[in-house]
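Fold and contact review
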Amino acid sequence: MDPWNFFYTCLTSLWLHRFYIYSSVALGISIWICIQFFTSKTIKKDEKFNGNPASAEVAEDKLVNGYATMKAKEVYVAGVKIFYGSQTGTAKRFAKGLAEAVTSLNLSAEVINMGDYDPDDSLTEETTSRNICVFLVATYTDGQPTENAAWFCKWLEETANDFRFGKMYLKGLRYAVFGLGNSVYVDHYNTVGRNIDRWLWMLSASRIMTRAEGDCNVAQSKHGSIEADFEAWKTKFLGRLQALCKGEKKPCSGKCKKGKCKSQGKQSKESSDHEHGASEYENAEAEEFFETTSEEESNAEEAGDTNSVIDVEDLGKIMSHMKKAKKERELEEGGGRTSLSQESAGRKEEGERREMITAALREALTKQGYKLIGSHSGVKLCRWTKSMLRGRGGCYKHTFYGIESHRCMEATPSLACANKCVFCWRHHTNPVGTEWRWKMDQPEMILREAIENHQNMIKQFKGVSGVKADRFEEAMTAKHCALSLVGEPIMYPEINRFLKLLHQHNISSFLVTNAQFPEEIRNLEPVTQLYVSVDASTKDSLKKIDRPLFKDFWQRFLDSLKALSEKQQRTVYRLTLVKAWNVDELKAYAELVSLGKPDFIEVKGVTYCGESSASNLTMANVPWHEEVVHFVQELADLIPDYEIACEHEHSNCLLIAHKKFKINGEWCTWINYDRFQELVRDYERSRGSKTFTAADYMAKTPHWALFGSRERGFDPLDIRYQRKNKTKDISGC
């Protein structure tokens, strides 16, 4: 073989051999790289978390001896502990509702009465428990915490201001606060919720969302009622909770582009886990509906005294938000309040106002037997109407004033009230407020539907055993209207038009007011009989019993009595005796009588309406009838121009009447209703120039209705029916 050919062949073979070797090595390296790439790839997290959103897999794999291993699941939220401080049971009810909602997310929830919890022993455990602590706390009218929350608040305040505990004492505790208050008490509005929020922050606890405040005053409530305020906050809280369960630390600002959430992808600068910096303020606009940050926190940030690390570029946003919030608070608190007549005259377009009756309120009142009318009125069948239909006796108004109970329609043009009386038989299911801030229905529609609903309820008694046929026919035509169903009827801006319509239909008017609207009492057109509730005779006892919303409630109360004294038609003080609360104020009551100069004084023992979270009354607070008689006798001795006239033992009620209604030794407390309608028509025709007084339409009181009679106020034409082992029906006027 030619030596050159041999050399060429050997060189080619060697080159091919090395090519195969290098190719094999390269292929092996490529395969190894691919294996490493895919095995070190993060395993996608399972978003269902086996049905538990609080668990999330940290899905990065580690290579151990060439094998990929998966980290254990990390729990971001272990559960929710809901602490409540409640005065009337509202916060407790909210806590239970929130617990049910949290449980539906497959998270554990525990409801805790703050009075049963020792924060000194237990609260620090929450710094490492991975629980979310929620505080639902009410503020009493004087700005103090409720009784069951007093110790918790005292401990928290002392701890926050005790240098021995250190500023990082509750670092790691995550919390949210919802305060329950009444904006009528401007100086004390939601102070307990604000204080708890501030003290927790001072101890380095981390707020998961800004504090929220619910308002019992529906006129100022952001959503129409404190229940609606809470539901709005609860929705946001549950959304925030779900985000925390997924490991998100920073709430979304709501300004992200579609599909790109900056709050999840951007890491903010924080000091440990103390989230009091820019993220909270960036989220403020999204939560502006009624939430606010701690005043102390804002002040600390403004002064530069804070433990948080705040990015310089975020300072502008923080200061801008603080100025905006301060301006809004000044506008809200400095705006003042107008009277109902001014509010009516200058009201906004009706389309801009919300309805008084929310869906939840409509459902609750309907279950109680109300026939709701429009957006703020209602009618209900009084149990005395049913009783008189069957010939079982009428109410005390039948005894005292001669109304026909089976022809009386119990109604109201305003379900809202300015008081939260402890003995309210409606258990505070109706809204409260100090001025008219809702859509307004026309009085013609209200009266028309009230009569229709009343007649439909009467029709249900046709053919019922015991119902008297003649009374059933009479009942189809209402002759009287007791505007005492619930709420404060005088709040309705068109109350005078409504009263005129009643009289035009030959329906007498019995209007009850809670003595908080003196100007409206002065402006009131003639009423058949005007009542003022005088539930206490001193400022302290009135505050305790009526729980009024107005800050100047006592002056309003006194001014209302003065306005009552100016009325020419029949006027009545209605006193409700609550044993151990207001039965020892005889001299003070006598002074109030001289102030308002009423024609009559009704004194009635409080009716126990059953156990309620809205009141702590018990049967022990209900006076016996003989105790009421004794009180009335002592009161009558202190007011020489008055005497005891009538009694209705069945209602635990007595009537004190001015002596001007005792003509020739005979009492004339009854009303000549036909004569009243004649007089009020003449008054309308003369445009108010032809006035009349209570003496112009009085009628003789029958013997059986008088105090001391054998019948004790029960009409002998009827037969008294004694209930046996049945729950007492407390409805009635």
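Within each chain, residues carry numbers counting from 1 in the order of the written sequence. pLDDT decides what is reported in this predicted model: residues at 70 or higher carry local features, side-chain atom pairs at 80 or more are listed and counted, and totals for whole chains, interfaces and linings draw on all residues regardless. Calculated side-chain values reflect all of the structure's heavy atoms, with hydrogen atoms and water omitted.

**Quick word on the confidence of the model for the protein chain**
Heads up, the rule is: pLDDT gives the predictor's per-residue confidence on a scale running from 0 to 100. Contacts were defined at the residue level, with two residues in contact if any of their heavy atoms lie within 4.5 Å.
The pLDDT averaged across the protein chain works out to 79; a share of 71% of its residues lies at or above 70. Within the model, the stretch residues 252–315 combines pLDDT values under 50 with 121 contacts to residues more than four positions away or in other chains. For the stretch residues 341–351, pLDDT sits under 50, and the model shows 15 contacts to residues farther than four places along the chain or on other chains.

**Let's talk about unusual backbone geometry**
Condition: The numbering of helices and of strands both runs from the N terminus, where a helix is a DSSP run of H or I of at least 4 residues and a strand a run of E of at least 2.
Within the chain, Ala 515 stands out as a residue other than glycine whose phi angle is a positive 60°. For Ala 515, the location among the structural elements is in the loop between β16 (508–513) and α18 (518–522). Phi at Arg 547 is positive, roughly 45°, even though this residue is not glycine.

**Focus: the sheet that holds strand β21 (residues 653–658)**
The test is simple: Strands qualify as paired when DSSP identifies two bridges or more between them. Under this scheme, a helix contributes an axis fitted over its contacting stretch, all axes are lines through C-alpha atoms, and angles between N-to-C directions fall in the 0 to 180 degree range.
Taken in spatial order, the 10 strands line up as β12-β13-β14-β15-β16-β17-β18-β19-β21-β20 in an open sheet, and their pairing is mixed. The open sheet is flanked by β12 (371–373) and β20 (642–648), the only strands paired with a single partner. Direction aside, neighbouring strands of the sheet carry axes that sit 25° apart on average. Pairing of strand β18 (residues 570–577) with strand β19 (residues 600–605), which is carried by six bridges, proceeds in the parallel orientation. Across the sheet, Tyr 573 pairs through a bridge with Ile 601, a residue of β19.

**Quick word on empty space enclosed by the protein**
To find leftover empty space, a probe the size of one water molecule is rolled over the atoms. For the record, the criterion: Any residue with an atom within 4 Å of a point lines the site, the site being either a cavity, points on a 1 Å grid over the protein atoms alone where a 1.4 Å probe fits but cannot get out, or a pocket, an open set with protein on both sides within 12 Å along at least 5 of 7 lines. Grid points are joined across faces, edges and corners, and a volume is the space filled by probe spheres set on the points. Under the scheme applied, nonpolar residues are Ala, Val, Leu, Ile, Met, Phe, Trp, Tyr, Cys and Pro; charged residues are Asp, Glu, Lys and Arg; polar residues are all the others, including Gly.
Counted under the stated rule, the structure contains five cavities of 30 Å³ or more. In this structure, the largest cavity encloses a volume near 330 Å³. What lines the largest cavity is a set of 23 residues, among which Thr 88, Thr 139, Tyr 140, Cys 216 and Lys 420 lie closest to the centre. Sorting the residues of the lining of the largest cavity by element identifies α2 (90–103) and β8 (174–181) as the ones contributing at least two each. Broken down by class, the residue content of the lining of the largest cavity amounts to nine nonpolar, 11 polar and three charged.

**Details of the pattern of salt bridges**
As a reminder of what qualifies: Note on definitions: salt bridges are taken to be side-chain nitrogens of Lys or Arg within 4 Å of carboxyl oxygens of Asp or Glu. Only protein chains enter the accessibility calculation, which uses a 1.4 Å probe; a residue is then buried when its area is under 20% of its type maximum, exposed when over 50%, and partly exposed in between.
Considering all chains together, one arrives at 30 salt bridges under this definition. Across the salt bridge formed by Lys 81 and Glu 126, the nearest N and O atoms sit 2.7 Å from each other. Here Lys 81 is found in strand β5 (residues 79–85), whereas its partner Glu 126 is found in the loop between α3 (119–122) and β7 (131–138), with 45 residues between them in sequence. For the residue pair Lys 81 and Glu 126, the accessibility class agrees, reading buried in each case. As a salt-bridge pair, Arg 712 and Glu 647 come within 2.7 Å of each other at their nearest N and O atoms. A residue pair is termed long-range when its members are at least 10 positions apart, and Arg 712 in the segment after β25 (698–699) and Glu 647 in strand β20 qualify at 65 residues. A relative accessible area of 24% means that Arg 712 is categorised as partly exposed.

**Observations regarding the side chain of Ser 375**
Mapped onto the elements of the fold, Ser 375 is located in the loop between β12 and β13 (377–380). By relative accessible area, which is 3% here, Ser 375 ends up buried. If sequence neighbours within four positions are ignored, Ser 375 has contacts with Glu 355, Met 356, Ile 357, Lys 439 and Asp 441.

**Some points on the packing of helix α21 (residues 586–596) against helix α22 (residues 625–638)**
Quick reminder of the rule: Oblique is the label for any angle not covered by the other classes, which are roughly parallel (under 35 degrees), roughly antiparallel (over 145) and roughly perpendicular (65 to 115). Crossing handedness is defined as follows: a turn of the near helix away from the far one that is anticlockwise and smaller than a right angle gives a left-handed crossing, while the clockwise case is right-handed.
One can describe the packing of α21 onto α22 by two numbers: an axis separation of 9 Å at closest approach and a directional angle of 55°. On the basis of the axis angle, α21 is oblique to α22. The two elements α21 and α22 meet at a crossing, and its hand is right-handed. Along the contact surface, α21 presents Leu 586, Lys 587, Tyr 589 and Ala 590, while α22 presents Phe 631, Glu 634, Leu 635 and Leu 638. The class makeup of the residues in the contact of α21 with α22 is six nonpolar, no polar and two charged.

**Some details on the pairing of strand β6 (residues 108–113)**
Filter applied, for reference: Note on handedness: a crossover is taken as right-handed if, strands pointing away from the viewer, the path from the first strand over the helix to the second is clockwise.
Sheet analysis places β5 next to β6, joined by six bridges and oriented parallel. Paired with Ile 82 across the strands is Val 111, a residue of β6. Handedness of the crossover is the feature at issue here: the chain leaves β5, passes through α2, returns alongside β6, and the resulting connection is right-handed.

**Topic: the packing of helix α15 (residues 443–459) against helix α17 (residues 495–504)**
The contact between α15 and α17 brings their axes to 9 Å, and the two run at 45°. One way to sum up the angle between α15 and α17 is to call them oblique. Note on packing geometry: the crossing formed by α15 with α17 is right-handed. Side by side, α15 and α17 meet where Pro 443, Glu 444, Ile 446 and Leu 447 of the first sit next to Arg 497, Phe 498, Leu 501 and Leu 502 of the second.

**A few points about the environment of Arg 407**
Threshold: Whenever two N or O atoms come within 3.5 Å, that pair is a polar contact, provided that in protein one can donate a hydrogen and the other can accept it, and provided that, for residues adjacent in sequence, both atoms are side-chain atoms.
Locating Arg 407 in the fold gives a position in the loop between α14 (396–401) and β14 (408–412). Arg 407 sits in the buried class, given a relative accessible area of 16%. Through-space distance from the C-alpha of Arg 407 to that of Ala 475 is 4.6 Å; in sequence the pair is 68 residues apart. Apart from the residues lying within four places of it in its own chain, the contact partners of Arg 407 are Glu 474, Ala 475, Thr 477, Ala 478, Lys 479 and His 480. Within the structure, the side chain of Arg 407 is placed 3.3 Å from the backbone oxygen of Glu 474, a separation counted as a polar contact. A distance of 3.2 Å separates the side chain of Arg 407 from the backbone oxygen of Thr 477, its partner in a polar contact.

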